[in-house]
2 protein chains.
Amino acid sequence: MQLHPDVGALGFLIGTWRGTGTGVYPTISPFEYTEEITFTPGPNKPFLAYTQRTWRAGTDEALHSESGYLRGFGSERVELVIAQPTGIVEVHTGVLAATRLTFNGVAITTPAARQVSATEREIIVTGDRLDYRLAMEAVGQPLQHHLAATLTRVEG
Amino acid sequence: MQLHPDVGALGFLIGTWRGTGTGVYPTISPFEYTEEITFTPGPNKPFLAYTQRTWRAGTDEALHSESGYLRGFGSERVELVIAQPTGIVEVHTGVLAATRLTFNGVAITTPAARQVSATEREIIVTGDRLDYRLAMEAVGQPLQHHLAATLTRVEG
């Protein structure tokens, strides 16, 4: 598929990624998860569609999922929007440096959702390896590390 | 797939829907589009995943797309979260009455996005027919009608 020139520098993300991660936060017990992430180019549009799903490690019990879009501008600037079935949406501005992406975002939530107010995300791709980290400000806790995972490209 | 009891009353939405719609707004020329919408149950989770794509009528030129999640609570109350590749996210509270859903939502946007501050959405399903309407407050214009479409269930 033809990549829109505004996302030409983001092609290193395209594909399906699988791996494992660990989550921690002061209000919950630490947990391990398996994960699948996809980045798919739009039809000659200046974005990549993003989906993510996790399962409790060693089981087929679905945990988190989210979906959204990574917007490119043909420069080091990127934007990311995400919706989550837990009732949370996020709006990020980000910076691309080679194959490293860093995002600073605000979150708003539905009335019935657990309250999350901000996340910071970092994605580093090295060939077919993707590492990400996520810090979260939520439920009255200050911004702090929440998730880290390592995935391998399995398609794309 | 087993529907989570909190979305048991939303089963009438499940499937793939295709049809046509019309868009108007003071700042743009009226336009017609073809559309595909899907509602897919999560794996025994209290939500339906939602995706939407449109094309300029009579062509394969992709226009809008969005994705998100419809959250059920086993009552007439629902919530909806949406992300759009135009840099917009929406958070809605809604009400279910039989097979009619009405949503009132706020939107926030990335810095580079066209500014949208609110939408109201209505979905009415009659058997295998789905009608929706969307009103939007955006780019300095007051909340007003923007989109109307009629779709038919083609799968599910």
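Residues numbered from 1 in each chain as written. Chains lettered and ligands numbered in written order. Predicted model: local features only at pLDDT ≥ 70, side-chain atom pairs only at ≥ 80, totals over all residues. Heavy atoms only, no water.

Attention now goes to the nonpolar core. L10, L13, F39, L70 and L101 of chain B are the most contacted members of the largest nonpolar core, which has 32 residues in total. For this core, the leading source of residues is strand β9 (residues 129-138) of chain B, giving five residues. Apart from the residues lying within four places of it in its own chain, the contact partners of L10 of chain B are L48, L70, G72, V78, L96 and L101 of chain B. Counting 31 residues, the second largest nonpolar core, distinct from the first, contains F12, L70, F103 and L147 of chain A. (Core = buried A, V, L, I, M, F, W, Y, C linked by side-chain atoms within 4.5 Å. Buried < 20%, exposed > 50% of the residue type's maximum accessible area, 1.4 Å probe, protein only. Helix = DSSP H or I, 4+ residues; strand = E, 2+ residues; numbered from the N terminus. Contact = heavy atoms within 4.5 Å.)

A few words now on the layout of surface pockets. Residues and elements named next belong to chain B. Of the volumes computed, that of the second largest pocket is approximately 880 Å³. Surrounding the second largest pocket, 44 residues form its lining, H64, Q84, T86, R114 and H146 being those nearest its centre. For the lining of the second largest pocket, the leading source of residues is strand β2 (residues 28-41), giving six residues. For the lining of the second largest pocket, the per-class residue count stands at 25 nonpolar, 10 polar and nine charged. (1 Å grid on protein atoms, 1.4 Å probe; cavity = no way out; pocket = protein on both sides within 12 Å on 5 of 7 lines; lining within 4 Å. Points joined across faces, edges and corners; volume = space filled by probe spheres on them. Nonpolar A, V, L, I, M, F, W, Y, C, P; charged D, E, K, R; others polar.)

Residues and elements named next belong to chain A. The residue A98 is not glycine, and still its phi comes out positive at about 55 degrees. Along the polypeptide, A98 turns up in the loop between β6 (88-97) and β7 (100-109). Judged by its relative accessible area of 68%, A98 falls in the exposed class.

A word on the relation of the copies chain A and chain B. Mapping chain A onto chain B calls for a rotation angle of 180 degrees and an axial translation of 0.0 Å; the resulting RMSD is 0.0 Å. The relationship between the two copies is best expressed as a two-fold rotation axis. Of the C-alpha atoms belonging to chain A, the one lying closest to the rotation axis is found on A83 of chain A, 2.7 Å away. Here 100% of the contact residues of chain A are again contact residues in chain B; the copies associate through an equivalent surface. (Least-squares fit on C-alpha atoms with pLDDT ≥ 70 in both.)

Quick look at the sheet that holds strand β6 (residues 88-97) of chain B now. Residue and element names in this part refer to chain B. One closed barrel accounts for 10 strands, arranged β1-β2-β3-β4-β5-β6-β7-β8-β9-β10; its pairing is antiparallel. The mean inter-strand angle of the sheet, taken between neighbouring strand axes irrespective of direction, is 20 degrees. Pairing of strand β5 (residues 77-84) with β6 involves eight bridges; the strand directions are antiparallel. Looking at the pairing, I82 lines up with E90 of β6. (Pairing = 2+ DSSP bridges. Axes fitted to C-alpha atoms, helices over the stretch in contact; angles between N-to-C directions.)

Moving on: the environment of L10 of chain A. Residue and element names in this part refer to chain A. Among the structural elements, L10 can be located in the segment before β1 (15-25). A residue is classified by how much of its surface remains accessible, and L10, at 3% relative accessible area, is buried. Sequence separation of L10 and W55 is 45 residues, and the distance between their C-alpha atoms is 27 Å.

Consecutive residues of a regular strand have side chains that alternate between opposite faces of the sheet. Residues and elements named next belong to chain B. Of all 10 residues in β6, seven are buried; the element is thus mostly enclosed. Here β6 pairs with strand β7 (residues 100-109) via 10 bridges, running antiparallel. Paired with V89 across the two strands is I108, which belongs to β7. Adjacent in sequence and paired antiparallel, β6 and β7 are bridged by two residues, among which A98 carries a positive phi angle near 60 degrees.

So, on to the sheet that holds strand β2 (residues 28-41) of chain A. Residues and elements named next belong to chain A. One closed barrel accounts for 10 strands, arranged β1-β2-β3-β4-β5-β6-β7-β8-β9-β10; its pairing is antiparallel. Direction aside, the axes of adjacent strands within the sheet are offset by 20 degrees on average. Direction of pairing for β7 relative to strand β8 (residues 116-126): antiparallel, over a ladder of seven bridges. When the bridges of β8 are listed, R100 appears paired with I124.

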